Amino acid sequence: MEFQDHDYTNNGSDRVNPMEFTYKMSSKEIEDFVKLRVTNKNLFSGRRNTSLWAWRAILKHMGLQHMMTHRQASKKWENLKKRYKGLVNPPDGVKVFPEAWPYFRLMDDAMQGRLEGSAPILKAHPSDNGDYLPSKPKKRKVSMVMNSNADLLVGVPEIEVSLNGDEELEEEQVAVAAAAVVAAQRDGSQEIDRMLREVDQERDMMDSERQVMEREKQVMERERLVLNRERAVLDREIAALDRDRASLERERAMIEREKAVLEREKALVAKDRDAVSRERLNLERDKTRLERLSVPKERTEGETEDDSQVSDSDIMDRRERFLSLFEKLIENF
């Protein structure tokens, strides 16, 4: 089981006393811790005691040499890596949410090498163990009960606190441990409240987004109906245009037929005009011939011939008038 990084929680790492308390780093301390580990990875060469000296150098640089042992720091780093790898490569069928872990981006940058050079380069060397929290302190059973926080510590078992031999330091560490337990519970409650608020905010955001999507869906549906109506109107207009085009084609064909009829009638009129002209020429010749023949040949034929000429002259006049009228009729036509 991986423990949360809160003030003083039991750490079950190997070679560490199961009842030791692990100091809870703040978010800023965890960020500095990761950057220092990545930047000073050359200190962890794998040779004897190099890991111990390297972790002590990092803890001393952070001012945590009296709060954590090198084993606890190493376990903290391994827990961070294990949590990151579990989110990056989850088991089959398991859905994970990397962004829900506040240190995912930090560890991703660390694992990808983007944090190298982001912290000071330290020097690891053997030093006096008195400057650091002892790895195997003696144990002393202390019952921590605080009247002012009794309701917070209900159900809290008696806790065995790792102490060194100094009595004053023992009392100080007992007080720190007790305060740490109370602070851990208070921080845990605050963390839960914060997570619940974040969940509520995300739910509200999702509800608002869902409402926006519903409104957009309704708008799109209305626009689709409008487009369908406009398409129907366009189809009707296209059908009307097709009908008008067909009507125009029929009228054009009719005009062409009428034009052909007019051309034929015009040809017939031209033929009639030519016939009238020829008839007029014939009449003119007949008239001239009659005028030459109208001279009196004999007096004995006087009245008979006169009557005959008058009759022929009347016939020619009528015929000439008829031709004139027919010619005018053709011209007017």
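The rules we used
- Residue numbering note: each chain is counted from 1, following its sequence as written.
- The predicted nature of this model means local features are confined to residues of pLDDT at least 70 and side-chain atom pairs, given and counted, to a pLDDT of 80 or more, with totals for whole chains, interfaces and linings taken over all residues.
- Excluding hydrogens and water, the side-chain figures rest on all heavy atoms present in the structure.
- The way it works is that DSSP assigns letters per residue, a run of H or I at least four long becomes a helix, a run of E at least two long becomes a strand, and they are numbered from the N terminus.
- Burial status follows relative accessibility: with a 1.4 Å probe on protein chains alone, a residue under 20% of its type maximum counts as buried, one over 50% as exposed, and anything between as partly exposed.
- Whether two residues are in contact is decided by their heavy atoms: any pair within 4.5 Å suffices.
- Accessibility throughout is a Shrake-Rupley quantity obtained with a 1.4 Å probe, and a residue counts as covered only by protein chains that appear here.
- Summary of the metric used: pLDDT quantifies the predictor's per-residue confidence within the range 0 to 100.
- Directions from the helix axis toward the C-beta atoms define the arc.
- What a helix is expected to span follows from its residue count: subtract one and scale by 1.5 Å.
- Among buried residues, the Ala, Val, Leu, Ile, Met, Phe, Trp, Tyr and Cys ones that are joined through side-chain atoms within 4.5 Å form a nonpolar core.
- Each patch is assembled from residues with relative accessible area greater than 30% and no salt bridge, linking like charges that lie within 9 Å and nonpolar side chains (Val, Leu, Ile, Met, Phe, Trp, Tyr) that lie within 5 Å.
- Throughout this description, the term salt bridge denotes a Lys or Arg side-chain nitrogen within 4 Å of a carboxyl oxygen of Asp or Glu.
- Between the rings of Phe, Tyr and Trp (Trp by its six-membered ring), a pair exists once the centres lie within 6.5 Å; its type follows the angle of the planes, with under 30 degrees stacked, over 60 edge-to-face, and the other angles tilted.
- In this analysis the charged atom, NZ for Lys or CZ for Arg, is taken to sit over a ring once it is within 6 Å of the ring centre and within 35 degrees of the ring normal.
- Each polar contact in these results corresponds to two N or O atoms within 3.5 Å; when the atoms are within protein, one needs to be able to donate a hydrogen and the other to accept it, and residues that are neighboring in sequence are counted only if both atoms are side-chain atoms.

A. Up close: the overall build of the chain. If you tally the helices and strands in the chain, you get six helices and four strands. In the chain, the succession of α and β elements from N to C terminus is β-β-α-α-α-α-β-β-α-α. Counting every position in the chain, which comprises 333 residues, the buried fraction comes to 25%. Within the chain, contacts between residues at least 6 apart in sequence are counted, and of these 64% link residues at least 24 apart. A total accessible area of about 24,400 Å² is found for the chain, and carbon and sulfur atoms account for 53% of it.

B. Representation of the confidence of the model for the chain within the structure. Across the chain, the average pLDDT comes to 77, with 71% of residues at or above 70. Note that residues 1-19 has pLDDT below 50 and, in this model, 46 contacts with residues that lie over four places away or in other chains. Note that residues 137-171 has pLDDT below 50 and, in this model, 58 contacts with residues that lie over four places away or in other chains.

C. Quick peek at helix α4 (residues 104-111). All buried positions along α4 are accounted for by Phe104, Leu106, Met107 and Ala110. Summarising the axial view, the buried residues of α4 lie within an arc of 160°, below the 170-degree limit, and thus occupy one face. The secondary structure elements touched by the buried residues of α4 are α1 (27-39) and α3 (70-88). Of the residues trailing α4, glycine 113 is marked for its positive phi of about 80°.

D. View of helix α2 (residues 50-62). Between its first and last C-alpha, α2 extends 18 Å over 13 residues, near the 18 Å set by a 1.5 Å rise per residue. Where α2 is buried, its residues meet α1 and α3. Glycine 63 lies just past α2 and shows a positive phi near 75°.

E. Representation of the environment of arginine 280 within the structure. Here arginine 280 is to be found in helix α5 (residues 167-293). Overall, the relative accessible area of 32% leaves arginine 280 in the partly exposed class. For arginine 280, the residues in contact, after removing those within four places along its chain, are Leu323, Ser324 and Glu327.

F. Molecular detail of the nonpolar core. Phe33, Val34, Ile58 and Trp101 are the most contacted members of the largest nonpolar core, which totals 30 residues. Elements with a minimum of two residues in this core: α1, α2, α3 and α4. Ranked by residue count, the leading element in this core is α2, at six residues. Discounting chain neighbours no more than four positions away, the residues touching phenylalanine 33 are Met25, Trp55, Ile58, Met62, Ala73, Lys76, Trp77 and Leu80.

G. Spatial organisation of a nonpolar patch on the surface. On the surface, Phe322, Phe326 and Leu329 cluster together to form a nonpolar patch covering roughly 320 Å² of accessible area. Of note, phenylalanine 322 is situated in helix α6 (residues 302-332). For phenylalanine 322, a relative accessible area of 54% puts it in the exposed group.

H. Spatial organisation of the packing of aromatic side chains. All told, the structure shown has four aromatic pairs when counted by the stated rule. Taking the centre distance of 6.1 Å and the plane angle of 85° together, the rings of tryptophan 101 and tyrosine 103 count as edge-to-face. Here the two residues tryptophan 101 and tyrosine 103 agree in accessibility, since each one is buried. Three or more aromatic residues joined by ring pairs make a cluster, and in this case those are Phe33, Phe44 and Trp55. When the ring centre of phenylalanine 44 is taken as origin, the NZ or CZ atom of arginine 37, which lies over that ring, is 3.9 Å away.

I. Region of the structure containing the side chain of asparagine 40. Structurally, the position occupied by asparagine 40 is in the loop between α1 and α2. For asparagine 40, a relative accessible area of 2% puts it in the buried group. Among the polar contacts made by the side chain of asparagine 40, one reaches the main-chain carbonyl oxygen of proline 120 at a distance of 3.1 Å. Side-chain polar atoms of asparagine 40 contact the backbone nitrogen of leucine 122, separated by 2.6 Å. Not counting residues up to four positions away in its chain, the partners in contact with asparagine 40 are Pro120, Ile121 and Leu122.

J. Local environment of unusual backbone geometry. The backbone of asparagine 49 sits at a positive phi, close to 65°, despite the residue not being glycine. Relative to the helices and strands, asparagine 49 resides in the loop between α1 and α2.

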